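# Analysis of the macromolecular model
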Amino acid sequence: MDDRIAATLREDPTMATLVDRHGWLPVEPAADEFARLCTSIVNQQLSTASAAAIHERFLSFLGGDPTPDRVLAADESSLREAGLSGTKVDYLRNAAAAFRDGDFTRSGLADASDDAVVEALTEIRGVGEWTARMYLIFALGREDVLPLGDLAVRKGLERVYNDGDDLSRAEMRDIAEAWRPYRSYGTRYVWAEYES
């Protein structure tokens, strides 16, 4: 673990416990940003197990990692047989068209702020704020993202920091302030604890 990140996270005693319990959880850019966005779209509003099964069938149907051309050329009925709803097929195609026509890669967005990236991505029909924030963390490797639109993050924060009792989003932001500028890492530890 990078010493600066470890030192920052360990300033919060609760987070220090999570770091010790779960070990190093990196935040790294994806090798393929479009494939990562497809994963986030497939995973929208699904349990982890369901999402994994549908994603595997989706990749199998495409014959490999998704590319904009493969997704745009794919037969809709076959994609639906993979377990994707008609709406998600449309969302995947919208994302494919956006990636074909624009540069949403790490290098293309290097000078854009997190908010500007979210704004650009949410112009793609089917990419909401949750998906855009997952993209910031898991596709672009941005280190200071706090995705409070994610139910597991909110429930995890409540479990870890408030014995499962409700917290307002303002209270959650206050808790995560101690992790700045590495809130993506803190988020990974909250997820890991919630899922354990």
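Criteria and cut-off values
- Residues numbered from 1 in each chain as written.
- Predicted model: local features only at pLDDT ≥ 70, side-chain atom pairs only at ≥ 80, totals over all residues.
- Heavy atoms only, no water.
- Axes fitted to C-alpha atoms, helices over the stretch in contact; angles between N-to-C directions.
- Helix = DSSP H or I, 4+ residues; strand = E, 2+ residues; numbered from the N terminus.
- Parallel < 35°, antiparallel > 145°, perpendicular 65-115°, else oblique.
- Left-handed = near helix turned anticlockwise from the far one by under 90°.
- Contact = heavy atoms within 4.5 Å.
- Nonpolar A, V, L, I, M, F, W, Y, C, P; charged D, E, K, R; others polar.
- Buried < 20%, exposed > 50% of the residue type's maximum accessible area, 1.4 Å probe, protein only.
- Arc of directions from axis to C-beta.
- 1 Å grid on protein atoms, 1.4 Å probe; cavity = no way out; pocket = protein on both sides within 12 Å on 5 of 7 lines; lining within 4 Å.
- Points joined across faces, edges and corners; volume = space filled by probe spheres on them.
- Domains from an automatic or database assignment.

The contact between helix α2 (residues 13-22) and helix α12 (residues 183-195) brings their axes to 10 Å, and the two run at 65°. Relative to α12, the element α2 lies roughly perpendicular. Two packed elements cross with a definite hand, and for α2 against α12 that hand is left-handed. Residues M15, L18, V19, R21 and H22 of α2 lie in contact with α12, whose contacting residues are G186, Y189, V190, A192 and E193. Grouping the constituent residues of the contact of α2 with α12 by class yields six nonpolar, two polar and two charged.

Along helix α8 (residues 114-121), the residues that are buried comprise V117, V118 and L121. Mapping the buried residues of α8 onto a view down its axis gives an arc of 100°, with all of them on the same face. The exposed residues of α8 that point more than 90 degrees off its buried face are D115 and E119. Where α8 is buried, its residues meet α9 (129-138).

In this section: the layout of surface pockets. When its volume is computed, the largest pocket comes out at roughly 770 Å³. For the lining of the largest pocket, the secondary structure elements donating two or more residues are α3 (33-43), α4 (48-62), α9, α10 (151-162) and α12. Of the residues contributing to the lining of the largest pocket, the split by class is 12 nonpolar, nine polar and six charged. Two domains each put at least three residues into the lining of the largest pocket: domain 1 (3-27 + 146-195) and domain 2 (33-139). Looking at the second largest pocket, its volume works out to about 220 Å³. What lines the second largest pocket is a set of 15 residues, and nearest its centre among them are E129, R133, L146, P147 and L148. At the level of secondary structure, the elements contributing two or more residues to the lining of the second largest pocket comprise α8, α9 and α11 (169-177). The class makeup of the residues in the lining of the second largest pocket is six nonpolar, one polar and eight charged.

All we've got here are geometric facts, nothing functional implied.
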